[in-house]
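# Coordinate inspection notes
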Amino acid sequence: MIRKAILLTLILLAPLSMVVSADTSSRSHGCNATVDTAVHHITITPSGPLSMPADQALNITATPYNSAGTELNVPVEWSSSSGSLQNFGGGSARWYPQTVGAQTVTACNGEIETILNVNVQPGVPLTFELSVSQENVTADETLTLTPLLRDQFGNGWIPNIPFVNWDLPAGVDISLPNDGTPPILTPGPVGAMTVSVDWDGWTGSTSFNVSLGVAVSVFIQHVSDQVSSDDLVDLCALYTDQRGNTWATTASWSTYAGLADDALSSFMGECIVFDAGPIGDWTVEIDDQNGMTNSLTLSVEPGRLAQIILDNLATEIHIGDFYLLEAEGFDAAGNPVTVEGWNWTVTDGPSTEPIVPDGDGVTFVPDKVGQHTIQVMAAGRVQAIDVEVLSGVPVTLEIEVLDGLGTQSPVIVTGLSLDLLLYGVDENGNRNPVDVPIEDWFILNDFGTIENASAGGTGHYTFTSSGIGDVSITVFLNQAQGILIVQVLQGPLDYLEVILPVEGNQGTTVNFEITGFDISGNPVDIHQCSATITTDAGEAECDENGWKIDLDTSGELVVHARIQSSEGTSAEGSDFITVHPTWFGWGDNTQVIIGGSLLIIFFISTILIVLFKHLGSRIEEEIDMIKEENEEEVDTPPPPLQHIDVGGVLPPPPLVQISPQVATPPPVATVPTPIVATSPAFPPISTPAPIVPYDPFAALQPVVEPEPEPEVVEEKIEEDWATTETEEMSEPELEPPTQADDEWGVMSGDWDDGGDTLTTSAAEFAQIQHENRRGDGPRDTAEQTLRPLPGTVAGEDGWYFDREGRPSHWVHTEDNGWAQE
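Residues numbered from 1 in each chain as written. Predicted model: local features only at pLDDT ≥ 70, side-chain atom pairs only at ≥ 80, totals over all residues. Heavy atoms only, no water.

What follows covers the sheet that holds strand β40 (residues 441-443). As summarised here, the arrangement of the four strands in space is β37-β44-β43-β40, forming an open sheet in which the pairing is mixed. A strand with exactly one partner marks an edge of an open sheet, and here the two such strands are β37 (411-413) and β40. The average angle at which neighbouring strand axes cross in this sheet is 30 degrees, direction not considered. In terms of strand pairing, β37 meets strand β44 (residues 480-489) through three bridges, oriented parallel. Pairing of V411 across the sheet is with Q487, part of β44. (Pairing = 2+ DSSP bridges. Helix = DSSP H or I, 4+ residues; strand = E, 2+ residues; numbered from the N terminus. Axes fitted to C-alpha atoms, helices over the stretch in contact; angles between N-to-C directions.)

Rendered as structure tokens:
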């Protein structure tokens, strides 16, 4: 707070101190106004310093104060350093400055006065003047150029005019200080000069005359430092002043060390002629005999073409060699001449258009062997040379596809062909068609073939594709090698292959599938059920699991498949299957025997079970009858029962278990222990035990079975018990029936000793016949029929494609089947 108060006090005291200072400084002056001793100081409004134009008026007011700062009403007298004042009284006045510069206005009362400082500026300009300090100057001098503006009171001043508003003569320079002082002109060329200005609506001009200055140097006037050896060059000796003004003078002429003095037309004078000859840099010297010397170096260049030389061209080349056509030109002085464009032609020779531009040069590229005459022309000059052309030696080979692809990798569908052109490229990059033996062509994975083209001539070949994928074609010619990559795509469906078992049995079902291939033998995806199957082997059906055939016809039969495309083309394929006949039209013979044996066993077992059930019930009935009779005849003891004659039928014998070695015969009937009628311990006849499972192969061994006679058993039982006669009966021993070895032994295949049987021999014979069959042609290890080459009928001797697609020759015989030669 204290700081703010102090600052405010200083601000209020500052004007007062200024007034006091002004008052103090003015006390020494006198004043004609009525003196009032109470006046302490006087203030003028507006306060100074001020700046104003000379053609305007300034209203001012003076106010006197006593020492206490009280305004006094006392008279004030006015005065000024220039211009005029109009005093209105009461301290008011009007001042007209009129004169530019620093001016003052004074207000006083007695010895107390106050001065107002005013900087008076020019008024509105009414006139413009442009003048020079002198009208005649030398080129070595300078002169002052004064632009001047004046107002209504005659006040003049030099304005600051920008450089762009000045119009100066050529070679004249101007210096603009821009500080109110006049610009400075520096003359240039001699002669009458005029300088003008156009600025802010003001225009003006002035003229002066410039004469030569003092010579400061001598030089040789010339047109160019570069001259032709065919040219005559004019040279002159000239003086020059400091502004570059020149005039001729007489001088002595020579060349450096006298090397080209013969080229000078004179050795003294203002001007001479220099006759150039040999190319090079030649120095010409002058001396004005007054101590001034100078020199000039002329570069002599070749003149116009006068003759052509072809000494750098060889007279013998090979086809493919780089042969750049170069010629040398010379002018009349024998200097080499650079020719921008040579016109080359072949006027004689077997090649067609052998002149070929190559960048900035021209080459000779012959395509025929023989002598050629090469001619060159330039600037009306002609020269020729004879060149013998020999064949070239390729270092690399390039395979070009003739369908517009060049050496780029082509893309084709398998089975299609490409026309190729083989180029031999020499070490200079020249390309020429060349022939290479077919055996020097190599195709990756043998996915195609190379043949000589039927037309085209040298270097023309035909590639026929097969396989799928990127196929590299490589060719060699001595040490030269070329490679072309061909992308082979899968082709459309061309033929089918039926994959089914080699053989089957009548009455069984076999599964098979169909595979599709394009013309090159590459797999093509197909839908299994889209094919039409034709076969005599049986009915073919297709479901989600594929194809199957119910074999109902025996023999070597064909299964044929065919698929019709939407474009109208079809693909076909077939294969053979050998169907072996069976006894009942189903399964093989072994299966039939096993099945039949099991059926017989089941039938016999069923009969025995029924018989034993019935016999047990009858025995129980007889026992009950005997008990009743014994009760009625208590006095008569029953006859001793030695055994029960059941007509040769005993209680159910134990089941005979048949082994693969020897079938066990049924036990011989024996007389049982006598059974007393009163004995309650008569053994009950139970149901036979369950049948024991048999080894299916044991069913094929000779089986001895009992010969039950249910009806006879029942009659004899009734008769014996009715008559109560006890007879001892013995079951005659049954001998097992036998089977001849040529029947059972052969049919069973002698499973006991592992030897050959009739069935095995027949199967082997059928297998051999199947393998040796002619069919549709030879088959590979997977039993797939090979495809015949064009010109070979399927199934006949001739050429067939092997599994890798290579041609192979096959011959068929009845004994050995198909054999590759």
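Read on for the rest.
Further remarks concern the pattern of salt bridges. A complete count under the given rule lists six salt bridges for this structure. With a shortest N-O distance of 3.3 Å, R562 and E572 are connected by a salt bridge. With R562 in strand β52 (residues 555-564) and E572 in strand β53 (residues 570-580), the pair connects residues that are 10 residues apart, well separated along the chain. On the basis of relative accessible area, R562 is assigned to the partly exposed category, the value being 34%. Ionic pairing is found between R774 and D797, a salt bridge with its closest N-O pair at 3.6 Å. Taken together, the positions of R774 in the loop between α5 (758-771) and β54 (798-801) and D797 in the loop between α5 and β54 put the pair 23 residues apart, joining distant regions of the chain. (Salt bridge = Lys/Arg side-chain N within 4 Å of Asp/Glu carboxyl O. Buried < 20%, exposed > 50% of the residue type's maximum accessible area, 1.4 Å probe, protein only.)

As a further point, take the pairing of strand β56 (residues 817-820). Here four bridges tie strand β55 (residues 807-813) to β56, and the two strands are oriented antiparallel to one another. Looking at the pairing, H812 lines up with W818 of β56. The hairpin formed by β55 and β56 contains three residues between the paired strands.

A word on the nonpolar core. Judged by nonpolar contacts, the single largest core of 22 residues is most densely connected at I399, L420, L422, W441, I450, F463 and V486. Listed by contribution, the elements that provide at least two residues to this core are β36 (396-401), β38 (417-425), β40, β42 (460-465), β43 (469-477) and β44. Once residues lying within four places of it in the same chain are set aside, the contact partners of V486 are P410, I412, L418, F463, G469, D470, V471 and I473. Grouped together as the second largest cluster of nonpolar side chains are 21 residues, V218, A237, A260 and V300 included. (Core = buried A, V, L, I, M, F, W, Y, C linked by side-chain atoms within 4.5 Å. Contact = heavy atoms within 4.5 Å.)

Strand order in this open sheet of four strands is β1-β3-β6-β5, and the pairing throughout is antiparallel. Looking at strand neighbours, the two that pair on one side only are β1 (41-45) and β5 (84-89), the edges of this open sheet. The mean inter-strand angle of the sheet, taken between neighbouring strand axes irrespective of direction, is 25 degrees.

Every regular strand shows the same layout, with side chains that alternate between the two sheet faces. Bridging between strand β28 (residues 316-318) and strand β35 (residues 381-390) involves three bridges; their strand directions are parallel. Residue pairing in the sheet places H318 in a bridge with L390 of β35. In this structure, strand β34 (residues 370-378) lies alongside β35, joined through nine bridges in antiparallel fashion. By the bridge assignment, V376 is partnered in β35 with Q383. Taking the residues between adjacent antiparallel strands as the criterion, β34 and β35 are bridged by two residues, where A379 takes a positive phi near 50 degrees.

Right, let's talk about the side chain of T414 for a bit. Within the fold, T414 resides in the loop between β37 and β38. A residue is classified by how much of its surface remains accessible, and T414, at 3% relative accessible area, is buried. For T414, the side chain forms a polar contact with the main-chain oxygen of G467, separated by 3.1 Å. Residues in contact with T414, not counting those within four places in the same chain, are S465, S466, G467, V488, L489, Q490, G491, D518, I519, S520 and N522. (Polar contact = N/O pair within 3.5 Å; in protein donor to acceptor, adjacent residues only side chain to side chain.)

Under the defined criterion, the tally for this structure stands at seven aromatic pairs. Note on Y239 and W247: the rings are 5.9 Å apart at their centroids and 55 degrees apart in plane angle, and the pair reads as tilted. The buried category is assigned to Y239, whose relative accessible area is 11%. Both rings, one in F512 and one in W547, keep their centres 6.0 Å apart while their planes meet at 20 degrees; by these two values the pair is stacked. In this pair, F512 is assigned in strand β47 (residues 509-517) and W547 in strand β51 (residues 546-551), connecting sequence segments 35 residues apart. We note that F512, like W547, is buried. (Phe/Tyr/Trp six-rings, centres within 6.5 Å; stacked < 30°, edge-to-face > 60°.)

We now examine a negative patch on the surface. A cluster of acidic residues, E539, E541, D543, E544, D550 and D552, forms a negative patch at the surface. Here the negative patch takes three residues from strand β50 (residues 538-543), the largest share from any one element. Structurally, E541 can be placed in strand β50. The partly exposed category is assigned to E541, whose relative accessible area is 36%. (Patch = residues over 30% accessible without salt bridge, like charges linked within 9 Å, V, L, I, M, F, W, Y side chains within 5 Å. Areas by Shrake-Rupley, 256 points an atom, 1.4 Å probe, with all protein chains shown as cover. Lys, Arg positive; Asp, Glu negative; His and termini not counted. Charge placed at Lys NZ, Arg CZ, Asp CG, Glu CD.)

A separate point is the state of the cysteines. Scanning the entire structure with this criterion turns up two disulfides. The disulfide that involves C529 links it to C542, with 1.9 Å between the sulfurs. Of note, the bridge from C529 to C542 carries an S-S torsion of about -80 degrees and is left-handed in sense. Separated by 13 residues along the polypeptide, C529 in the loop between β48 (523-524) and β49 (532-535) and C542 in strand β50 bring together distant segments of the chain. (Disulfide = S-S within 2.5 Å.)

To continue, consider the environment of I443. Structurally, I443 is set in strand β40. When the C-alpha positions of I443 and I473 are compared, they lie 4.8 Å apart, and in sequence the two are 30 residues distant. Beyond its immediate stretch of four places on either side in the chain, I443 contacts G448, T449, I450, F463, V471 and S472.

Position of T293 among the secondary structure elements: in strand β26 (residues 293-301). Of the residues examined, T293 reaches a relative accessible area of 53% and is grouped as exposed. Residues T293 and V218, spaced 75 residues apart in sequence, show a C-alpha to C-alpha distance of 6.4 Å. Contact partners of T293, with chain neighbours within four places excluded, come to V218, I286 and D287.

Bringing unusual backbone geometry into the picture now. With an omega dihedral of 0 degrees, the bond running from T45 to P46 counts as a cis peptide bond. One can find P46 in the loop between β1 and β2 (50-53). The omega torsion of the bond from G48 to P49 falls at 0 degrees, within 30 degrees of zero and hence cis. Here P49 lies in the loop between β1 and β2. With a phi close to 70 degrees, Q289 is a non-glycine residue in the positive phi region. Among the secondary structure elements, Q289 is positioned in the loop between β25 (280-287) and β26. Positioned with a positive phi, E353 is a non-glycine residue whose angle comes to about 45 degrees. The topology assignment puts E353 in the loop between β31 (343-348) and β32 (355-358). Looking at E353, the relative accessible area reads 69%, which means it is exposed.

What follows deals with the confidence of the model for the chain. With 78% of its residues at a pLDDT of at least 70, the chain reaches an overall mean of 79. Strand β18 (residues 217-221) holds the highest mean pLDDT among the elements of the chain, 95, whereas helix α1 (residues 2-25) holds the lowest, 34. With pLDDT under 50 throughout, residues 1-29 is counted as low confidence; its partners more than four residues away or in other chains account for 18 contacts. (pLDDT = per-residue confidence, 0-100.)

You can see D288 is positioned in the loop between β25 and β26. Here D288 sits buried without a salt bridge, and the closest side chain of opposite charge, R243, lies 20 Å off (N-O distance). At 2.8 Å, the side chain of D288 forms a polar contact with the backbone nitrogen of N290. At 2.8 Å, the side chain of D288 and the backbone nitrogen of M292 are in polar contact. The contact partners of D288, leaving out residues within four places of it in the chain, are Y239, T250 and A251.

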